[in-house]
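# Inside the fold
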Amino acid sequence: MTIASIAHKRGRVDFDDLNSKRNYSPMGAYQQSKLANLLIAFELDRRLRAENSRIMSVAAHPGVANTNLFQSGEYSALEKRLRIFAGHVIGIALNTDSEGALPTLYASTALEVKDGGYYGPQGFQEMRGEEVGPAKIAAHANDTVAATRLWQICENLTGMKVFGDVGAVPTRV
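Here the residue index of a chain counts from 1 through its sequence in written order. The predicted origin of the model limits local features to residues at a pLDDT of at least 70 and limits the giving and counting of side-chain atom pairs to 80 or more, whereas totals for whole chains, interfaces and linings rest on all residues. For side-chain calculations, the full set of non-hydrogen atoms in the structure is used, while hydrogens and water are omitted.

## With respect to the confidence of the model for the chain
Low pLDDT marks regions whose predicted coordinates should not be analysed in detail. Inclusion rule: Per-residue confidence from the predictor is given as pLDDT, running between 0 and 100. A run of H or I in DSSP counts as a helix once it spans at least four residues, and a run of E counts as a strand once it spans at least two, with each numbered from the N terminus.
Residues of the chain with pLDDT of at least 70 account for 84%, and the chain-wide mean is 87. The spread of mean pLDDT over the elements of the chain runs between strand 6 (residues 171-172), the lowest at 48, and strand 2 (residues 59-60), the highest at 98.

Structure follows, in structure tokens:
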């Protein structure tokens, strides 16, 4: 199970600055990370299918939920109050943190879930709702070349190579 976000739709993977060391913006880094999560989830699914594995790789997003994402961090007293207020508005107009957890629970347990699926709330622009189903995927999240490149970078950074043998103990590269 991989957690993504509707923010992936605006994300771009900067392969020359994956850690955002040269050009950091909080939202840009968040969007890139959520797009990367989807690319890896879909690449994992392709690799599992190639090995005829019974293991599933699925992803989900919470919509927009009132989580501590809006309140954590070092902010001025005024900005902290504004963020707390924004969190309450989100909780009323969009999802509570509990409602935001529903897509993850659904993707982890529902019999209707498909290999390589991506799930989220079905309400207004996938930002809210207690009904969960297939989520919209940006075209660039299905870029198999970028997904393969990102997978290889992850293998190199971790020193681990998981595939060939699905289910085998990972080996050092």
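## Re unusual backbone geometry
Trans peptide bonds make up the majority, and among non-glycine residues the majority have a negative phi. The following threshold applies: Under the scheme applied here, a residue whose accessible area is under 20% of the maximum for its type counts as buried, over 50% as exposed, and between as partly exposed, the area being computed with a 1.4 Å probe on protein chains only.
Within the chain, Gln125 stands out as a residue other than glycine whose phi angle is a positive 50 degrees. Inspection of the secondary structure puts Gln125 in the loop between strand 3 (118-121) and strand 4 (132-134). Of the residues examined, Gln125 reaches a relative accessible area of 58% and is grouped as exposed. In this model, Glu126 sits at a positive phi of 60 degrees, which is unusual for a non-glycine residue.

## Here's the deal with the sheet that holds strand 1 (residues 2-3)
The cut-off we apply is this: DSSP calls a pair of strands paired once it identifies at least 2 bridges connecting them. Two residues qualify as a contact provided that any one of their heavy atoms is within 4.5 Å of a heavy atom in the partner residue. All axes here are fitted lines through C-alpha atoms, helices being fitted over the stretch that makes contact, and every angle between N-to-C directions spans 0 to 180 degrees.
Spatially, 4 strands are ordered 1-2-3-4 in an open sheet, and the strand pairing comes out mixed. Only two strands of the sheet have a single partner each, and these edge strands are strand 1 and strand 4. Bridge count for strand 3 against strand 4 is 3 bridges, and the pairing is antiparallel. Pairing of Gly120 across the sheet is with Gly133, part of strand 4. Against the sheet, helix 3 (residues 97-109) makes contact with strand 1, strand 2, strand 3 and strand 4, and its axis sits at roughly 145 degrees relative to strand 3, the strand it touches most.

## As for helix 3
Defined as follows: Expected span of a helix: the number of residues minus one, times 1.5 Å.
Between its terminal C-alpha atoms helix 3 stretches 19 Å, which fits the 18 Å expected from 13 residues at 1.5 Å a residue. For helix 3, the complete set of buried residues consists of Glu99, Gly100, Pro103 and Ala107. Where the residues of helix 3 are buried, they touch strand 2, strand 3 and strand 4.

## Describing the side chain of Lys34
Where we set the bar: This count recognises Lys and Arg as positive and Asp and Glu as negative, with His and chain-terminal groups excluded. The working definition used for a salt bridge is a side-chain nitrogen of Lys or Arg within 4 Å of a carboxyl oxygen of Asp or Glu.
Within the secondary structure, Lys34 sits in helix 1 (residues 26-50). In this structure, Lys34 is buried with no salt-bridge partner, the nearest side chain bearing the opposite charge being Glu126 at 14 Å. Ignoring any residue separated from it by four or fewer positions in sequence, one finds Lys34 in contact with Ile3, Ala4, Ser5 and His8.

## Considerations on helix 4 (residues 144-158)
Test applied: Any N or O atom pair separated by 3.5 Å or less is treated as a polar contact, with the protein-specific requirement of one donor-capable and one acceptor-capable atom, and with residues adjacent in sequence counted only for side-chain atom pairs.
Between its first and last C-alpha, helix 4 extends 21 Å over 15 residues, near the 21 Å set by a 1.5 Å rise per residue. The secondary structure elements touched by the buried residues of helix 4 are helix 1 and strand 5 (160-161). Put simply, Asp143 is the residue that caps the front of helix 4, since its side-chain oxygen is 3.0 Å from the backbone nitrogen of Val145.

## Some details on the nonpolar core
To keep things clear, this is the line we draw: We define a nonpolar core as any set of buried Ala, Val, Leu, Ile, Met, Phe, Trp, Tyr and Cys residues linked to one another through side-chain atoms lying within 4.5 Å.
By size, the foremost hydrophobic cluster in this structure holds 16 residues, and its most contacted members are Leu38, Leu39 and Tyr118. For this core, the secondary-structure elements that each account for two or more residues are helix 1 and helix 4. Residue contributions to this core peak at 6 residues, all from helix 1. Judged by nonpolar contacts, the second largest core, of 7 residues, contains Val58, Ala60, Ala107 and Tyr119.

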